[in-house]
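Here is how the chains run, residue by residue.
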Amino acid sequence: MQHTTVITTDLGNRLNRKFVLYLGDLANPKNGLI
């Protein structure tokens, strides 16, 4: 059970980081997405 929790937490952290980077890119005007 502990092993699964560690994997889930790691996956969640990676998704969190990607989401934050994605929001950062959207907020960055030089990308021309907005």
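Just above, that's the structure.
Throughout, residues of each chain are indexed from 1 in the direction in which the sequence is written. With pLDDT at 70 or above as the cut-off, local features in this predicted model cover only qualifying residues; side-chain atom pairs require 80 or more to be listed or tallied, and sums for whole chains, interfaces and linings still use all residues. Side-chain measures here rest on the full set of heavy atoms in the structure, leaving out hydrogens and waters.

(A) Quick look at the overall build of the protein. When helices and strands are counted, the protein shows one helix and zero strands. Type-normalised accessible area, obtained with a 1.4 Å probe on protein chains alone, sets the label of each residue: buried when under 20%, exposed when over 50%, and partly exposed for intermediate values. The burial tally for the protein puts 0% of its 34 residues in the buried class. For the accessible areas, the method is Shrake-Rupley and the probe is 1.4 Å, while residue cover comes only from the protein chains on display. Split by element, the accessible area of the protein, about 3400 Å² in all, is 64% carbon and sulfur. Secondary structure elements follow DSSP: runs of H or I of four or more residues count as helices, runs of E of two or more count as strands, with numbering from the N terminus.

(B) View of the pattern of salt bridges. Basic side-chain nitrogens of Lys or Arg form a salt bridge, by our definition, when they fall within 4 Å of a carboxyl oxygen of Asp or Glu. All told, the structure shown has one salt bridge when counted by the stated rule. Among the salt bridges present, the one from arginine 14 reaches aspartate 10, with a minimum N-O distance of 3.1 Å. Highlighted residues: arginine 14 and aspartate 10, both in helix α1 (residues 2–27), separated by four residues, approximately one helical turn. Overall, arginine 14 belongs to the partly exposed group, its relative accessible area being 49%.

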